[in-house]
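# Inside the fold
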Amino acid sequence: MRAGLFGGTFNPVHTGHLRAAEECAEIFSLDRVYLIPSYTPPHKPGPDLAGHADRLAMVRLAVEDNPRFLASGAECARGGPSYTRDTLLHFRNTLGPSATLFFIAGADAVMDIHTWRAYPEIFQLAHVLVLSRPGQPGCPEIFSHIAAILPKIYTPSAADTLEGKDSFRTIHFFPCTALDISASLVRRLAREKRSLRYLVVPKVADYICEKGLYT
Ligand code: ATP
Ligand code: MG
């Protein structure tokens, strides 16, 4: 079993997330991709953060027609702040030792990862798929950054794959289709009562409208 674990605020989930996850599933032969909205994002408190229940409900609506995608409430069930290291441990325990885990994160998130709790363990618990993102650093910068924050473990390479030493796993840079869509853009448009069509799936657009989110 090969599982993708895609964490994020998902405030709200948009087609940039969904298309990137679909391409990861296809190219890395993932049997499942879990989309896991963070419960209390330690780095992102803010007035326009929808509640976890709403963000998870939107992820459920967004994945319902994709047999490989699953919405996960794991970060709510545990409560407290969401640390990726704990989430990866949860999936390792739930899916068992034979599962191959891939933590999926965008380039912007990875450039920040040294500020995350127990970040080295993230690279031991799962392979990492780094998604390209418009306006964000590309593969050479990402790999230099990783080599700088985990110096004796990863050595920068010109390839799109970094092998780790000891128990550290492989990091893949994945150039997904460039969709310059962000949740910030979706929230701004919702606030301005503008169309969200083609940025989020129709059921998510309806949910935002019916619940009056981000207004
Ligand atoms: P916000 O604008 O609120 O920061 P966001 O669009 O960045 O929202 P997040 O929930 O923060 O969405 O993102 C979750 C993960 O998905 C992050 O690792 C982020 O880098 C990645 N991601 C988000 N949008 C894209 C995109 N368009 N292309 C590739 N990766 C993306
Ligand atoms: Mg973001």
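In what follows, the accompanying structure is described.

Cut-offs used in this document
- Residues numbered from 1 in each chain as written.
- Chains lettered and ligands numbered in written order.
- Predicted model: local features only at pLDDT ≥ 70, side-chain atom pairs only at ≥ 80, totals over all residues.
- Heavy atoms only, no water.
- Helix = DSSP H or I, 4+ residues; strand = E, 2+ residues; numbered from the N terminus.
- Rg over C-alpha atoms; globule rule 2.2 N^0.38 Å.
- Buried < 20%, exposed > 50% of the residue type's maximum accessible area, 1.4 Å probe, protein only.
- Contact = heavy atoms within 4.5 Å.
- Areas by Shrake-Rupley, 256 points an atom, 1.4 Å probe, with all protein chains shown as cover.
- Lys, Arg positive; Asp, Glu negative; His and termini not counted.
- Charge placed at Lys NZ, Arg CZ, Asp CG, Glu CD.
- Core = buried A, V, L, I, M, F, W, Y, C linked by side-chain atoms within 4.5 Å.
- Salt bridge = Lys/Arg side-chain N within 4 Å of Asp/Glu carboxyl O.
- Near = heavy atom within 4 Å.
- Polar contact = N/O pair within 3.5 Å; in protein donor to acceptor, adjacent residues only side chain to side chain.
- Pairing = 2+ DSSP bridges.
- Axes fitted to C-alpha atoms, helices over the stretch in contact; angles between N-to-C directions.

A separate point is the overall build of the protein chain. Along the backbone of the protein chain there are nine helices and seven strands. In summary, the protein chain has a C-alpha radius of gyration of 17 Å against a globular reference of 17 Å for 215 residues, a match within 12%. When burial is assessed residue by residue, the protein chain has 51% of its 215 residues classed as buried. Considering only residue pairs separated by 6 or more positions, the protein chain has 71% of its internal contacts joining residues 24 or more positions apart. In the structure as shown, the protein chain presents an accessible area of about 10200 Å², 53% of it carried by carbon and sulfur atoms. Here the protein chain holds 23 positive side-chain charges and 21 negative ones, and the gap between their average locations is 4 Å.

Our focus in this paragraph is the nonpolar core. Within the largest apolar cluster, 38 residues are counted, with the highest numbers of intra-cluster contacts made by V13, V33, L35 and I208. Secondary structure elements with two or more residues in this core: α1 (15-27), β2 (32-37), α2 (52-63), β4 (100-106), β5 (127-131), α8 (183-191) and α9 (202-211). Discounting chain neighbours no more than four positions away, the residues touching L35 are F6, F10, V13, L18, V59, V63, F69, L70, A71 and S72. Within the second largest apolar cluster, 35 residues are counted, among which are L88, V128, I146 and I149.

Take the pattern of salt bridges next. Across all of its chains, the model carries ten salt bridges by this definition. E23 serves as the salt-bridge partner of R19, at 2.6 Å between the closest nitrogen and oxygen. Within this pair, R19 and its partner E23 are both found in helix α1, separated by four residues, close to a single helical turn. Residue R19 is classed as partly exposed on the basis of its relative accessible area, which comes to 39%. Residue E23 is classed as buried on the basis of its relative accessible area, which comes to 8%. Across the pair D108 and R133 runs a salt bridge whose closest N-O atoms are separated by 3.2 Å. Residue D108 is found in helix α5 (residues 107-110), and its partner R133 is found in the loop between β5 and α7 (139-149); the two are separated by 25 residues along the sequence. Residue classification places D108 among the partly exposed positions, given a relative accessible area of 31%. Look at the salt bridges and you will find they share partners, linking R85, D86 and E121 into a network.

Turning to the site of ligand 1, a few remarks are in order. Taken together, 22 residues sit near ligand 1, with H14, G106, D108, A183 and S184 positioned nearest. In this structure, an oxygen atom belonging to ligand 1 sits 2.5 Å away from a side-chain N or O atom of D108. Between ligand 1 and R187 there is a distance of 2.9 Å, counted from an oxygen atom to a side-chain nitrogen or oxygen. Contact with the protein chains hides 91% of the accessible area of ligand 1, taken as 590 Å² for the molecule alone.

With that settled, the discussion passes to the sheet that holds strand β1 (residues 2-8). Spatially, the seven strands line up as an open sheet ordered β3-β2-β1-β4-β5-β7-β6, and their pairing is mixed. The sheet is open, and its two borders are formed by β3 (69-71) and β6 (161-162), each paired with just one other strand. Bridge count for β4 against β5 is five bridges, and the pairing is parallel. Bridging from a neighbouring strand, I104 pairs with L129 of β5. Running over the sheet, α7 touches β5, β6 and β7 (171-174) and is turned about 160 degrees from β7.

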